[in-house]
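Coordinate inspection notes
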Amino acid sequence: MLLQVRNLRCGYGSLEVVHGVSLHVAAGEIVGLLGANGAGKSSLLKAIVGLLPAWAGSICLEGRQTRGQPAWRCISNSLVLVPEGKMIFADMTVRENLLMGGYHNPDRNLQLELVLQRYPPLAERLHQLGGTLSGGEQQMLALARALMARPKILLLDEPSMGLAPRLVDEMFAEILKMKDLGVTVLLVEQNAMATLRIADRAYVMETGEITLEGQAADLLHNPEVKRAYLGAAGREGWEG
Amino acid sequence: MNIFDRRYETMPRPELEQLQLERLQALLARLRRNVRRYRESLADLRVESLDDLARLPFTTPETLADAFPYGLFAFPLREIIRLHSAVGPEGRPMVIGHTRNDLTQWSRLAARQLAAAGMTANDVIQISLGRAATAAASGYLLGAELIEASVIAEDPLHLDYQLAMLQNYRPTVLITTPTHAVDFARCLEQRRIDPQSLHLRSVLLSRNVNPQIREQVASGLFASVRCTFGLGEILDPGLCVECEAGQFHINEDQFLPEICDGELIITTLAREALPLLRYRTRLAAGLRREKCSCGRTGALVEPGHRLDRQFRFREITFYEAQIAHVLAQTPAAGHRFEVQLTETQLTIAIEISQDLFANTLTSAENPRRQIELELLARLGLEAEVRFVEPKR
């Protein structure tokens, strides 16, 4: 198990938004985390990397407890978060953005070449300012910047948000390719269909707790998932 | 060694326990949301480790029977695509529902057992379980289709026809009940047919039997014999896998077992239509978590005797209460009786009284025959009725 989370609680102020969540990600897997707005998915990711203090529970990376460690230490633990809304440095060039992603990596220039081979469009715009890239290119830059840290596990928060439909498909294809690089992925998404198509397993989160876990292909057929996330007919409970 | 689902069947213990905890927490969230009875009994109870399981309420067979037909279902009937019935406490009916995913999962779990018994896509499988086990037959069928074996989708009722099928279709695997296997071995012997002339390689029995019967079937049909162990309300087949070492491994990624006062308790971790929390199986059992030479990590279960006066005769399960119910419609109404059961004989010993023969002018044969026919018609039981002197 690469990442193991148990009974994690976190929140803002006195408001708890994640109520004791347990999940795990095995090496080489793509694991989806689905849920509606406000379910606590992003807060959970932030707590895993240490951007949000965890109130209770445990977070283990390769068997070592990381809860309570500062966020910057996560990167050296090979756990990298690509936050929602890309968060690239708009006033820096593509090259500077990428180097920032590998600032702790002594081999960052070598890694830069590898990453640019993987994303040729970025190589062409190496000296352009990040803020002048298109939405799809910015998302690509955010992914490439994460790869600069040579992560074992990538946490992706809504990578398809704000992208044109064609670019969304490309983004998911790109995530699927992470498998070839040996990078494990925990993918938070609202695009349930696309996520379940590329993921191995997935969790469904609702109002701060996990309500389903299973193989992604099975969740595509789960009546609740279909109703809530795949646009099937309205909700009806059976009360006997 | 054939392990169908290596990831889950051989999952290291710490990983398995993490998965079980995750699934248990998700199960509680779903039960609270989707099943009224559980919402009331669970209230705010939460679990932070598998040890907390002991704080959660049990589900009894009586609760399941009280909820008849669909009261414990977690989904509306529209989402349920398969319904099976099971015999509940004292013969009360219970309905077991399955969603599409439940059936998919069932096929995988049944396939685990078939693969462990050495079956592959090269086998021709005959499933012959009779009327009493149509639900189990459908489970084996799902599993056999998943491993892409050729399945003979016919269940011959008569031994002659069965024999003809074994000779003509040349199945290599026979999935059947112990009763039928023994009958069939006896039939071959009586007709002096060499079991080696059949192509049977292995026989999978639908329930656990003692070593003598295993040996009898193995030599009588000249095939290796494996058993399954399942429970109708939980999953049968699919609860366990009998491995190469002859041990029953619970499929612990799907079912969380406990033993309370000697009774086997099962929590279904991933079932969609009818999730059961700490279901009391009314079966005595032993549970061990230790290494097995087959490599599977699921807990080892040793099934024991029933704790609820449930009987089985020639694969038909029944309760004493059901016999009483049938007797109530005959001249023996209100009489004390005793169920006497051996492997080959079911006797209902009824305490005799004058009322029993009140309206009969001829011999004692009449009420006896009447009761026997009634038992056969209503419960499918071929029982012998004996009248005995009242005990003082």
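Quick summary incoming for the structure in this document.

1. Considering empty space enclosed by the protein
The full count for this structure, using the stated rule, is four cavities of 30 Å³ or more. Estimated volume of the largest cavity: approximately 260 Å³. Where the lining of the largest cavity is concerned, the elements lending two or more residues are β10 (209–215) and α9 (216–219) of chain A together with α2 (13–34) and α5 (100–116) of chain B. At four residues, the largest contribution of residues to the lining of the largest cavity is made by β10(A). Here the second largest cavity defines a volume of roughly 160 Å³. Lining the second largest cavity are 16 residues; nearest its centre among them are A:His19, A:Gly20, A:Glu209, B:Gln25 and B:Arg46. Contributions of two or more residues to the lining of the second largest cavity are made by β1 (3–12), β2 (15–25) and β10 of chain A together with α2 of chain B. Among the elements that line the lining of the second largest cavity, the one with the most residues is α2(B), at five residues. A breakdown of the residues in the lining of the second largest cavity according to their chemical character gives six nonpolar, five polar and five charged.

2. Some remarks on unusual backbone geometry
Residues and elements named next belong to chain B. Across the junction of Phe 68 and Pro 69, the peptide omega takes the value -5°, indicating a cis bond. You can see Pro 69 is positioned in the loop between α4 (61–66) and β1 (82–87). Cis geometry is found at the peptide bond from Asp 236 to Pro 237, where omega equals 0°. By the secondary structure assignment, Pro 237 is in the loop between β7 (224–227) and β8 (240–242). Of note, the phi angle at Glu 148 is positive, near 65°, even though the residue is not glycine. If you trace the backbone, Glu 148 turns up in the loop between α6 (134–146) and β4 (150–152). Residue Arg 278 is not a glycine yet carries a positive backbone phi of 45°. Residue classification places Arg 278 among the buried positions, given a relative accessible area of 3%.

3. Some words on the interface of chain B and chain A
The interface of chain B with chain A comprises 36 residues on the first partner and 35 residues on the second. Taken together, both faces of the contact between chain B and chain A bury some 3,100 Å²; the carbon and sulfur share is 41%. Its largest share of buried area at the contact with chain A, chain B owes to B:Gln18, B:Glu22 and B:Arg33, together 18% of the area lost on that side. On the surface where chain B and chain A come into contact, there are eight salt bridges. Connecting chain B to chain A are 20 residue pairs in polar contact (both at pLDDT 80 or more).

4. A closer look at the packing of helix α7 (residues 159–168) of chain B against helix α8 (residues 178–190) of chain B
Residue and element names in this part refer to chain B. Where α7 meets α8, the axes come as close as 11 Å, and the angle between the chain directions of the two elements is 80°. One finds that α7 runs roughly perpendicular with respect to α8. Where α7 approaches α8, its residues Leu 159, Gln 162, Leu 163 and Leu 166 are matched on the opposing element by His 180, Asp 183, Phe 184, Cys 187 and Leu 188. When its residues are assigned to classes, the contact of α7 with α8 shows six nonpolar, two polar and one charged.

5. Observations concerning the pairing of β10(A)
All names here are of chain A. The buried fraction of β10 is high, at six of seven residues. For strand β9 (residues 201–206) and β10, the ladder comprises six bridges, and the chain directions are antiparallel. For Arg 201, the partnering residue across the bridge sits in β10 and is Gln 215. Where β9 folds back on β10, the antiparallel hairpin that results is connected by two residues, among which Thr 207 adopts a positive phi of roughly 35°.

Conventions we followed
- Along each chain, residue indices are assigned from 1 in the same order as the chain's sequence is written.
- Labels follow written order: the first chain is A, the first ligand is 1, and so on.
- In keeping with the predicted nature of the model, local features appear solely for residues at pLDDT of at least 70, side-chain atom pairs appear and are counted solely at 80 or more, and the whole-chain, interface and lining totals rest on all residues.
- Note that water and hydrogens are dropped before the side-chain values are worked out from all heavy atoms of the structure.
- With a 1 Å grid spanning the protein atoms alone, the term cavity applies to any set of points in which a 1.4 Å probe fits but cannot get out, the term pocket to an open set with protein on both sides within 12 Å along at least five of seven lines, and the term lining residue to any residue with an atom within 4 Å of a point.
- Grid points are joined across faces, edges and corners, and a volume is the space filled by probe spheres set on the points.
- Secondary structure elements follow DSSP: runs of H or I of four or more residues count as helices, runs of E of two or more count as strands, with numbering from the N terminus.
- Residues are sorted three ways: Asp, Glu, Lys and Arg are charged, Ala, Val, Leu, Ile, Met, Phe, Trp, Tyr, Cys and Pro are nonpolar, and all the rest, Gly among them, are polar.
- Residue burial is assigned from relative accessible area. The probe radius is 1.4 Å, only protein chains are included, and a residue is buried under 20% of its type maximum, exposed over 50%, and partly exposed in between.
- Residues are treated as being in contact if the distance between any of their heavy atoms lies within 4.5 Å.
- By definition, the buried area sums, over both parts, the 1.4 Å-probe accessible area that each loses when the two are put together.
- Basic side-chain nitrogens of Lys or Arg form a salt bridge, by our definition, when they fall within 4 Å of a carboxyl oxygen of Asp or Glu.
- Here a polar contact is taken to be a pair of N or O atoms separated by no more than 3.5 Å, where protein atoms must pair a possible hydrogen donor with a possible acceptor and residues adjacent in sequence count only if both atoms sit in side chains.
- Each axis is a line fitted through C-alpha atoms, and for a helix only the stretch in contact is used; angles between axes span 0 to 180 degrees, taken between their N-to-C directions.
- What sets the label is the angle itself: under 35 degrees gives roughly parallel, over 145 gives roughly antiparallel, 65 to 115 gives roughly perpendicular, and the rest give oblique.
- By this definition, two strands are paired if DSSP reports at least two bridges between them.

Function-wise, these values are silent; they only describe arrangement.
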